[in-house]
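Residue-level listing of the chains:
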Amino acid sequence: MKIELTINGERREADVWEGESLLFTLREHLGLPGSKNACEQGECGSCSVLLDGRLVCACLVLAAQADGHEVVTVEGLGEDGQLHRVQQAFVDAGAVQCGFCTPGLVVATAALLERSPEPTDDEIREALSGNLCRCTGYQKIFDAVRAAAGATS
Amino acid sequence: MAVTEKAAGAYIGSPVLRKEDQKLLTGQSRYIDDLTLPGMVWASVVRSPFAHATIKSVDVSKAREAEGFVAAFTGADLADDWAATLPCVWLVTEDTKQPMHRPLATDKARYQGDGVAVVLAETRAQAKDAAELVEVDYDPLPAVIDPEEALADGAPILHEEFGTNHCFTWRLEGGDVDGVFGSAPVTVKERYRQQRLIPNAIEPRGVIAQYLPAQDEYTLWSATQIPHILRFWLAIVLGVPEARLRVVAPDVGGGFGSKLNVYAEEALSLALAKRVGRPVKWTEERSEGYLATIHGRDHWQEMEYAADEDGKIRGVRARLVVGLGAYLQLVTAGTPILGGWLYGGPYDVEAYSLEVVGAFTTATPTDAYRGAGRPEATYLIERTVDALARKLDMDPVEIRRKNFIREFPKTLASGLTIDSGDFEGALDRALEMVGYDAVRREQEERRQRGDTKQLGIGLSTYTEMCGLAPSRILGAILYAAGGWDAATIRCLPTGSVQVFIGTSPHGQGHVTTFSQIVADRLGVSIDQVEVIHGDTSAMQLGLDTYGSRSLAVGGVALWNAAEKVIEKARGIVAHKLEVSPDDLSYDGGRFTVAGTDKAMAVQDAALHAFTAHDLPDGMEPGLEATFVYDPPNFSWPGGAHIAVVEVDTETGAVDLRRYIAVDEIGNVINPMVVDGQVHGGVTQGIAQALWEEAIYDDDGNLTTGSMISYLVPSAAETIDYELDRVNAPSPTNPLGVKGVGETGTIASTAAVMNAVVDALSPYGVTDVEMPAKPERVWRAIQEGGAS
Ligand code: FES
Ligand code: FES
């Protein structure tokens, strides 16, 4: 089936199979491999994207469900070749190690700060608890989220 | 050397921001799953649902009808494709039993997940669907998961040719063990369980294999920590010339030892690419990985200490029974032995005895998981030290102080020599940071008032050996490879500096830290340094990344290669400036002659080396150097970690309140990167103590088969740790570095469990099996009170 959606501000079309996940469509049909596949069962958050501004696991959303909707992926966060402030905060805090969880965490953080510009620590923990990182122990990710929040307020 | 160069410039020791991050943060990284080749087909492996079963027949006929089907092979079909078994690099004794391990099983399946057939199809989904149509007729056999049960009479035998599940018994003794134990006034004996763990790198494993018949050339892209080692062994397994095989590790998303292996799918995909004449891709599903990627730990541990009344430990006697799983993967047998010299800990012990018994079990093979042998050692040592302190009614701090090694170099009763350390300095700092007396006071107050939330303080003072390793020692202990590493520096004529390293990072930030080393040593800007890694055709020499070795071996090779570049450049510059090489000083990337205005930058020397119009007689053109560094000793990090936990005595819930880590890891190249390594390592060790466990049922089914049932900690479980360092630089290498990749995991499990037991000591609790889940803690309180 054909779907039409807005991805990172651009109208895109794709020819998808009914059972296909949005993650698969993004990665394999639309040339956007930034969202990662680490479990395909909604457990790790590596595939996190924004669907109409809401954080979802792209591995659990059917491509067909995104038809007519708006999707933002990690590729679409920054503007004019500049890193988004969340991405920059991750660099500055040393919050990236292997990087496989990173796109998902960056998108999740951007969603959090959109919703709650000055989150408490508990809010941050809660908001990021769906994104697993095996490398960092989350401490520098926390530093990054706090710094990015500070940069807005 | 004739000049006084700075040992460290502006970059070494600074928290330089990572050069790797831009691509990783913007989705421009290229992991295996992001790569595609024209004409590529997908592989799906048919895996045994049984832990132990005779394979009576495998029928692929229905799969042939499936949409997109390309080919299917059984273990028997491919049996002749293998020139050798999948390798184990370390058969730890002369009589270690190594079973034949083919990429697909032919006679029996020996663990749940053992591959029995493989199907190729046009897409991943089609390959998976077709694989489900393969019909395998199994005759189930009894399973055995516990290593002690596997050694008992009547246990089901995995490999009939051996007539036993016993794989090896490795022993090490030093000092007068019988004498010390015979005369010691105090002894304690403890027994603990090191549960099985699943490494859970967030990037699943994956491979793409290509075969070009016209060239008879193979290329393997793999999510691996070890492209060089992989190339060597796959050439042997496939029986192809090593020169015809290129291995590339693209961006790799974490490993922790789980990608330090030669896996069935790596060999399979190469063989299949040749058979079908198309590139073959395979990526692991998470639950598939839980079965098909190595596990860690799985020991029964026993420790006996012989001590004086005042707490001085005189002898240690330890015995481990290790569950190896069904086959020997790359370091399966050697993993427990990596802690084999360390069961005295950071303590001055005169008599040493260790016996390690390896047993085959019908489970996924165990192998190196972050720390590999050393977390297990530290756990047993540190738990037993606390047991001894309880017996003697001593404070855990006091007993450690009584026993620390203070003079270096110190040759251990186990035979190796610790060249440097500062165990007491680390402990002092950690105690100061935690405010030990105040925390003990609060603990006492809570005990007095019978608070339902009891406080526990747990110490873990540790040493470890890493920087694997002096090649001669590795040879002496039957390890099949060397322990050197290599680096090449090439100064390009246009000014940039290309660096080729033999280590293979997968999250550790080598591109940044190694750039710091080169930039400082050569006196150039870090932006001029380009680090290339993970491709055997770009850098043939290398032994890859594991065991916290990359900086302590590869980083030192790099430093020494920079020395060689400077020396060659010195000859060129001296010739051009018509001075003696001894008159040249080198600083900030420039050679100068004292008292004159004669000077030349190293980049200009590189251009002269390239044009070769006017080089000294006999000098080879080009400005590049390779150094292969074989370390003269292991490196010896150490430190002191302290955990403070609150245990709810009504529910058994353990709440980690504070965690202090003071590490002694030698000189630090990039403190930001180092902190990140400690954070991640500590988290994995805490997770072993509190949350993680791979559980098999009696039939050998892995019941923790997904991220839903196996608790990988999220941001909701972790806390912020308090870090500091003391320093006793390594005297054996010019950078004074030691290694930090595993220290956190090595230290933290014991600290947390000592804290849990400490909290519950008024209840008579002396042990809680890991992970200390609420139910187990609660039960221990009920049972402990009665004893
Ligand atoms: S890949 Fe979607 S949650 Fe893991
Ligand atoms: S940085 Fe490796 S999983 Fe998060």
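These figures come from a predicted structure and were not determined experimentally.

## Brief notes about the domain arrangement of chain A
Residue and element names in this part refer to chain A.
Okay, step 1: In terms of domains, chain A is made up of domain 1 (2–76) and domain 2 (85–152).
Okay, step 2: Of note, the centres of domain 1 and domain 2, computed from C-alpha atoms alone, are 21 Å apart.
Okay, step 3: Each side of the interface is counted separately: domain 1 has 13 residues, and domain 2 has 11 residues.
Okay, step 4: Tallying contributions element by element places strand 3 (residues 48–51) first for the side of domain 1 that touches domain 2, with 3 residues.

## Let's talk about the sheet that holds strand 10 (residues 217–222) of chain B
Residue and element names in this part refer to chain B.
Okay, step 1: Pairing is mixed across the open sheet formed by 7 strands, whose spatial order is 3-5-1-12-9-10-11. Single-partner strands in this sheet number two, and they are strand 3 (69–74) and strand 11 (245–248). Strand-to-strand twist in this sheet, taken as the mean axis angle between neighbours without regard to direction, amounts to 20 degrees.
Okay, step 2: The pairing of strand 9 (residues 206–212) with strand 10 spans 6 bridges and is antiparallel. Bridge pairing in strand 10 links Tyr211 to Tyr218.
Okay, step 3: Contacts from helix 7 (residues 227–238) reach strand 10 and strand 11, with the element oriented near 150 degrees to strand 11.

## Side note on the sheet that holds strand 14 (residues 313–325) of chain B
Residue and element names in this part refer to chain B.
Okay, step 1: Across the sheet, 5 strands lie side by side as 7-15-14-13-8; this open sheet has mixed pairing. This sheet does not close on itself; its edge strands, each paired only once, are strand 7 (166–174) and strand 8 (186–197). Each neighbouring strand pair of the sheet contributes to a mean axis angle of 10 degrees, computed without reference to strand direction.
Okay, step 2: Where strand 8 and strand 13 (residues 296–307) come together, 11 bridges link them in antiparallel fashion.

## Points about helix 4 (residues 121–128) of chain A
Okay, step 1: Regarding helix 4 of chain A, the residues found buried are Ile124(A), Ala127(A) and Leu128(A). The buried residues of helix 4 of chain A occupy an angular sector of 85 degrees when projected down its axis, which confines them to one face.

## Observations concerning the nonpolar core
In summary, soluble globular proteins display a tendency toward joint burial of nonpolar side chains.
Okay, step 1: Core analysis: the biggest nonpolar cluster contains 324 residues, and Val119(B) and Val756(B) have the highest contact counts within it.
Okay, step 2: Tallying contributions element by element places helix 16 (residues 550–577) of chain B first for this core, with 15 residues.

## Some thoughts on the confidence of the model for chain B
Okay, step 1: Counting all residues, the mean pLDDT for chain B is 96, and 98% of those residues have values of 70 or more.
Okay, step 2: Predicted confidence is poor over residues 1–8 of chain B, with pLDDT under 50, and the contacts of this stretch with residues over four places away or in other chains come to 9 contacts.

Criteria and thresholds
- Throughout this document, residue positions are counted from 1 along each chain, in the order its sequence is written.
- Each chain is given a letter, starting from A, and each ligand a number, starting from 1, according to the order in which they appear as written.
- A pLDDT threshold of at least 70 governs which residues receive local features in this predicted model, and a stricter bar of 80 or more applies before side-chain atom pairs are shown or counted, although totals over entire chains, interfaces and linings include all residues.
- Segmentation of the chain into domains, including their bounds, is taken from an automatic or database domain assignment.
- By the criterion used throughout, residues are in contact when their C-beta atoms, derived from the backbone, lie within 7 Å.
- Strands are runs of DSSP state E lasting at least two residues, helices are runs of H or I lasting at least four, and both sets are numbered from the N terminus onward.
- Note on pairing: DSSP must find at least two bridges between two strands before they are called paired.
- Angles here are taken between N-to-C directions and fall from 0 to 180 degrees, while the axes themselves are lines fitted to C-alpha atoms, restricted in helices to the stretch in contact.
- Partly exposed residues are those falling between the two cut-offs: more than 12 but fewer than 20 other C-beta atoms within 10 Å of their own, whereas 20 or more means buried and 12 or fewer means exposed, with C-beta atoms placed from the backbone.
- Regarding the arc, it is the one traced by the directions from the helix axis to the C-beta atoms.
- Linking buried Ala, Val, Leu, Ile, Met, Phe, Trp, Tyr and Cys residues through C-beta atoms within 7 Å yields a set, and such a set is a nonpolar core.
- A score between 0 and 100, pLDDT records how confident the predictor is in each residue.

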